[in-house]
There are 2 protein chains.
Amino acid sequence: MTARRIGTETSKTRAALLDAAERLMVDGGYAAVTSRRVAAEAGVKPALVHYYFRTMDDLFLALYRRGAQRGLERQEMVLQSPQPLWALWDFSREPYGTNLTMEFVALANHRKEIRAEITASAERFRSRQVEALSGILAGYDLDSDDWPPVVIAVLMSSVARFLVIEAETLEMSTGHDDTVAVVERLLRRLEGDRAPTA
Amino acid sequence: MTARRIGTETSKTRAALLDAAERLMVDGGYAAVTSRRVAAEAGVKPALVHYYFRTMDDLFLALYRRGAQRGLERQEMVLQSPQPLWALWDFSREPYGTNLTMEFVALANHRKEIRAEITASAERFRSRQVEALSGILAGYDLDSDDWPPVVIAVLMSSVARFLVIEAETLEMSTGHDDTVAVVERLLRRLEGDRAPTA
DNA sequence: GTCTATACTTCGATAGAC
DNA sequence: GTCTATCGAAGTATAGAC
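A quick note: this is a predicted structure, and the numbers were derived from the prediction, not measured.

A.B. asks: Just to check I follow, could you spell out the overall build of chain A for this structure?
C.D. replies: Across its full length, chain A holds nine helices and zero strands. The principal-axis extent of the C-alpha atoms belonging to chain A is close to 65 × 35 × 35 Å. Each of the 198 residues in chain A was classed as buried or not, and the buried ones make up 52%. Long-range pairs, those at least 24 residues apart, make up 69% of the contacts in chain A with a sequence separation of at least 6. Accessible surface computed for chain A: about 9900 Å², of which carbon and sulfur atoms make up 54%. Within chain A, one finds 25 positive and 28 negative side-chain charges whose respective centroids are separated by 11 Å.

Now the structure itself:
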């Protein structure tokens, strides 16, 4: 009963397996991520998946951690941009990240071991947003008693993500343009016109 | 190659199978809904599942239709209540329906045949909300140019559902109380204090 | 590090007896 | 209407050769 061998975290193959898993997850949902399919997608044999990840849950965990890390770094840049509210709004409306995140949330619903990781990460995203928004909104024309930073964070996230899910997953768009217009009217009031993208 | 036999839609056993499937879906996610498990949960043998539902997709579809029908009926009552905004807000925040819906949305992500049904149903929910809100908001102190009924519908749905997902699935609550307070302050302004529940 | 081979489980679905 | 019995496919995971 010697310890199972396990691949190094810096392996190129390991990264390729995570890439393959992410592709499968994005366009097939978490149920499409099986050891056989990940292997096939990466062009290797199934046993190799279990060499790098002891269980499929380990793979999901590693995949989520990698994505969350990247997301946190991008959010940091977003919050430090010249128009942080506009940038955060655009960032939250990106389909790719939202779809992946929602798939992980669905997964968390019945993979208890993964939920803790996702929750902790979601808290990290939020608390950084709140921290940054506190400074940002202080300089804007907004009563922070009526609209605390944490509420702005929750509202922006929820509307952005909801619109993405409806548009991307359900291909539904009733009311989307009108809602975006209302939100962006508020953003304009606080932060001025959106600067033209570089 | 005679046509497969299929059970009647009014069968009690069929309803019991749907009940079992719904229970499994709520606390284990759609991946937990397998013919064998549904049968076990309902106390019958797996072959019976395929007697009432030719494929598992048929079962999912039937389950979704039943829930959507019930939901639409409940929403109708909600929209006709004395404080429709409050009632819609409470309705949208119910965890059970939201969890089930989100699980179906996740399923729709990779079961193309089911997506159309969910999208059509979501459109039906929304359009009834918009129709009702148009009448309701006309009597309230709200500029419908700035806040069209469809926007109110989208905003309420998105915030309500998002809070439920975070609270129920992720067991996360940062900012929730504050956000609920802000929303309910607006509801109070439009519709007065929430009437005590009967 | 990657493979072959394999054990074991669970799944969807069907045929046919009762 | 419900069951037994069964097929073939696909899943996770491991042992051990190369």
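A.B. asks: Explain the protein's contact with DNA strand D to me, please; I cannot follow it from the model alone.
C.D. replies: Around DNA strand D, a shell composed of 20 residues is seen, among which R4(A), S35(A), R36(A), R5(B) and Y51(B) lie nearest. In DNA strand D, atoms within 4 Å of the protein come from the sugar-phosphate backbone in 56% of cases. The side chain of S35(A) places a nitrogen or oxygen atom 2.4 Å from a phosphate oxygen of DNA strand D. Within the contact set of DNA strand D, a phosphate oxygen lies 3.5 Å away from a side-chain nitrogen or oxygen of R37(A). Every element with two or more residues in the surface near DNA strand D is listed here: α2 (35–42) and α3 (46–52) of chain A together with α3 (46–52) of chain B.

A.B. asks: Looking at this structure, I do not really get the relation of the copies chain A and chain B. What am I missing?
C.D. replies: For these two chain copies, the linking operation is a rotation about an axis paired with a shift along it. You can overlay chain A on chain B at an RMSD of 0.0 Å; the transform is a turn of 180° with a shift of 0.0 Å along its axis. What the superposition gives is, in effect, a two-fold axis relating one chain to the other. Across chain A, the smallest distance between a C-alpha and the rotation axis is recorded for S158(A), namely 2.9 Å. Of all interface residues in chain A, 98% are interface residues in chain B too; the two copies therefore contact each other through one and the same surface.

Cut-offs applied
Residues numbered from 1 in each chain as written. Chains lettered and ligands numbered in written order. Predicted model: local features only at pLDDT ≥ 70, side-chain atom pairs only at ≥ 80, totals over all residues. Heavy atoms only, no water. Helix = DSSP H or I, 4+ residues; strand = E, 2+ residues; numbered from the N terminus. Buried < 20%, exposed > 50% of the residue type's maximum accessible area, 1.4 Å probe, protein only. Contact = heavy atoms within 4.5 Å. Areas by Shrake-Rupley, 256 points an atom, 1.4 Å probe, with all protein chains shown as cover. Lys, Arg positive; Asp, Glu negative; His and termini not counted. Charge placed at Lys NZ, Arg CZ, Asp CG, Glu CD. Near = heavy atom within 4 Å. Polar contact = N/O pair within 3.5 Å; in protein donor to acceptor, adjacent residues only side chain to side chain. Least-squares fit on C-alpha atoms with pLDDT ≥ 70 in both.

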